[in-house]
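# Examination of the molecular architecture
Here's the letter readout for the chains.
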Amino acid sequence: MFYFTLEAYATTASFRLPETHTFQQTLPLPPVTALVGLAGAALGLNFELAMGLREDGLLCGIWGRHGGEASDLWKFQKIKSGEVISAVLTREILYDLELHVVYAHQDKEEVKKLRKAFLCPVYALSAGTSDDLIKLRRVGEVREARAEPCRHCECTVLPGDHSRNFESSINLDNLPLRKPVRAPRVFLLPVSFTFNGEERRVRSRAHFTFIDTPVTLNEPVPAIAAEGKVFPLL
């Protein structure tokens, strides 16, 4: 398997849960659809074609952390019964977001093509919404590696529901007093869609476990270790 890494930064970010509307809760890290969409934006693809990358064998992994969370009140206009009215919503945002992303594929040429696209993206890259622009700090070289079973994880996303498959590995001596401690959280998220022009509907969903503080898994997951970080493959 071949892969490369990205190092990115966003001042603010918001990865909305699909079912939330007037209160838009954010995921703590970008889901797999956001990572695939990021690759599609670099290549100049629309979302339908970008999701095809995943069906063609593109794998990704994420490691990230942020400086905190906040709520942002938005006022917007919408059409109701043919009339334009004002409404408000509350959006959760992450700030000071640091991301490390892995893209992997069995075909080296596909990896090289995607890496080249990130060196000069066709579209602007964002961390969720179009207001949350991403700055690419570094695009790594293409390397070869095997996915190995991994038990020790932090600041990442695991495929599947691991709510009963972990033990906490927090070292309280190294934990800042002001850092919130959260148990792994499991979300049921879209992974494929059916498209009809500009309209899309969820075709299937899958569970993902978002890991914050260090944990040790009872049953390991396949991951790539790179640059001192572990990237479970999604």
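These numbers come from a predicted model, not from an experiment. (Residues numbered from 1 in each chain as written. Predicted model: local features only at pLDDT ≥ 70, side-chain atom pairs only at ≥ 80, totals over all residues. Heavy atoms only, no water.)

In terms of regular secondary structure, the protein is built from three helices and 14 strands. Here the C-alpha atoms of the protein give a radius of gyration of 18 Å, agreeing with the 17 Å that 2.2 N^0.38 yields for 234 residues. Over its C-alpha atoms, taken along the principal directions, the protein stretches across nearly 55 × 45 × 30 Å. Across the 234 residues that make up the protein, the buried fraction comes to 42%. (Helix = DSSP H or I, 4+ residues; strand = E, 2+ residues; numbered from the N terminus. Rg over C-alpha atoms; globule rule 2.2 N^0.38 Å. Buried < 20%, exposed > 50% of the residue type's maximum accessible area, 1.4 Å probe, protein only.)

Counted under the stated rule, the structure contains eight salt bridges. Between Arg-203 and Glu-55 there is a salt bridge, and its shortest N-O distance comes to 3.3 Å. Of this pair, Arg-203 sits in strand E12 (residues 199–211) while Glu-55 sits in helix H2 (residues 47–55), and the two are 148 residues apart along the sequence. You'll find Arg-203 and Glu-55 in the same group, each marked exposed. Between Arg-115 and Glu-141 there is a salt bridge whose closest N-O contact spans 3.2 Å. Here the residue Arg-115 occupies a position in helix H3 (residues 108–119), and Glu-141 occupies one in the loop between strand E6 (135–139) and strand E7 (143–144), the gap between them amounting to 26 residues. By relative accessible area, which is 49% here, Glu-141 ends up partly exposed. Each member of the salt-bridge network shares a partner with another, and the members are Glu-7, Arg-138 and Glu-227. (Salt bridge = Lys/Arg side-chain N within 4 Å of Asp/Glu carboxyl O.)

Further remarks concern the packing of helix H1 (residues 32–43) against H2. Where H1 contacts H2, the two axes come as close as 8 Å, and the packing angle between them is 115 degrees. As far as their axial angle goes, H2 and H1 are roughly perpendicular. Between H1 and H2 lies a crossing whose hand is right-handed. Counting all contacts with H1, which are made through Val-32, Thr-33, Val-36, Ala-39, Gly-40 and Leu-43, the residues of H2 involved are Phe-47, Ala-50, Met-51, Leu-53 and Arg-54. Across the contact of H1 with H2, the residue classes tally to eight nonpolar, two polar and one charged. (Axes fitted to C-alpha atoms, helices over the stretch in contact; angles between N-to-C directions. Parallel < 35°, antiparallel > 145°, perpendicular 65-115°, else oblique. Left-handed = near helix turned anticlockwise from the far one by under 90°. Contact = heavy atoms within 4.5 Å. Nonpolar A, V, L, I, M, F, W, Y, C, P; charged D, E, K, R; others polar.)

In this structure the tally under the stated criterion is seven aromatic pairs. Over the ring of Trp-63 we find Lys-229, and its NZ or CZ is 4.8 Å from the ring centre. (Phe/Tyr/Trp six-rings, centres within 6.5 Å; stacked < 30°, edge-to-face > 60°. Lys NZ or Arg CZ within 6 Å of the ring centre and 35° of its normal.)

What follows covers the pairing of strand E5 (residues 83–105). Sheet analysis places strand E1 (residues 2–13) next to E5, joined by 11 bridges and oriented antiparallel. Its bridge partner lying in E5, Glu-7 is registered against His-100. Pairing of strand E2 (residues 23–24) with E5 involves two bridges; the strand directions are parallel. Bridge pairing links Gln-24 to Arg-91 in E5. The pairing of strand E3 (residues 59–65) with E5 spans seven bridges and is classified as antiparallel. The residue bridging Cys-60 from the neighbouring strand is Tyr-103, located in E5. (Pairing = 2+ DSSP bridges.)

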